[in-house]
Amino acid sequence: MGKRKEYPLLVSAPAAVTSQVPVGTLLHDWPSVLGRITEGERVQVTRNGKVVAVLTAPDPDEVALDELAASGQVAADWRDRQHTLRGLLRTLPARTARAGDDRGSAAVLADREDTDR
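Quick summary incoming for the structure in this document. (Residues numbered from 1 in each chain as written. Predicted model: local features only at pLDDT ≥ 70, side-chain atom pairs only at ≥ 80, totals over all residues. Heavy atoms only, no water.)

### Topic: helix H3 (residues 60-70)
In an α-helix there are 3.6 residues to a turn, and that puts residues three or four apart on one side. Turning to H3, its buried residues number three or more, namely Asp61, Ala64, Leu68 and Ala69. Buried positions in H3, seen along its axis, are confined to an arc of 140 degrees and lie on one side of it. Capping the start of H3 is the job of one residue whose side-chain oxygen sits 2.7 Å from the backbone nitrogen of Asp61: Asp59. Just past H3, the residue Gly72 takes up positive phi, approximately 85 degrees. (Buried < 20%, exposed > 50% of the residue type's maximum accessible area, 1.4 Å probe, protein only. Helix = DSSP H or I, 4+ residues; strand = E, 2+ residues; numbered from the N terminus. Arc of directions from axis to C-beta. Polar contact = N/O pair within 3.5 Å; in protein donor to acceptor, adjacent residues only side chain to side chain.)

What follows is the structure, encoded as structure tokens:
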């Protein structure tokens, strides 16, 4: 078995700048528009003043997962599974901590101290 390629998980923030570009400008000056997208800009494509598309750079995590799926290291239907999980999570009641309860890392550390390993 070959060496596994490392894929750092990145949490990508939404593009900071949003601009609008008419369809005609996109068709005639697409290299410039793609350059702006590559630099992190979010571009709304408009037709008659209405937004008809939004162009952004690909999410690095999704690109990595697609590569892993292509190599067989991740289920090829990972997008469908993610969609199903998100739908399930939306139906579950919100979980909140009671006042005074440990949260986050403190709760994990407390749990580790309470268990025998």
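### A word on helix H4 (residues 78-91)
With 14 residues, H4 extends 20 Å between its outermost C-alpha atoms, agreeing within 8% with the 20 Å of an ideal straight helix rising 1.5 Å per residue. Of all 14 residues making up H4, only 1 are buried, and the element is barely covered by its neighbours. (Expected span 1.5 Å × (residues − 1).)

### Quick word on the environment of Gln20
With respect to the helices and strands, Gln20 occurs in strand S1 (residues 18-22). A sequence separation of 24 residues divides Gln20 from Gln44, and the C-alpha atoms of the two residues are 4.6 Å apart. If we ignore the near neighbours within four places in the chain, the residues touching Gln20 are Gln44, Thr46 and Val51. (Contact = heavy atoms within 4.5 Å.)

Everything listed here is a matter of geometry and, on its own, says nothing about what the molecule does.
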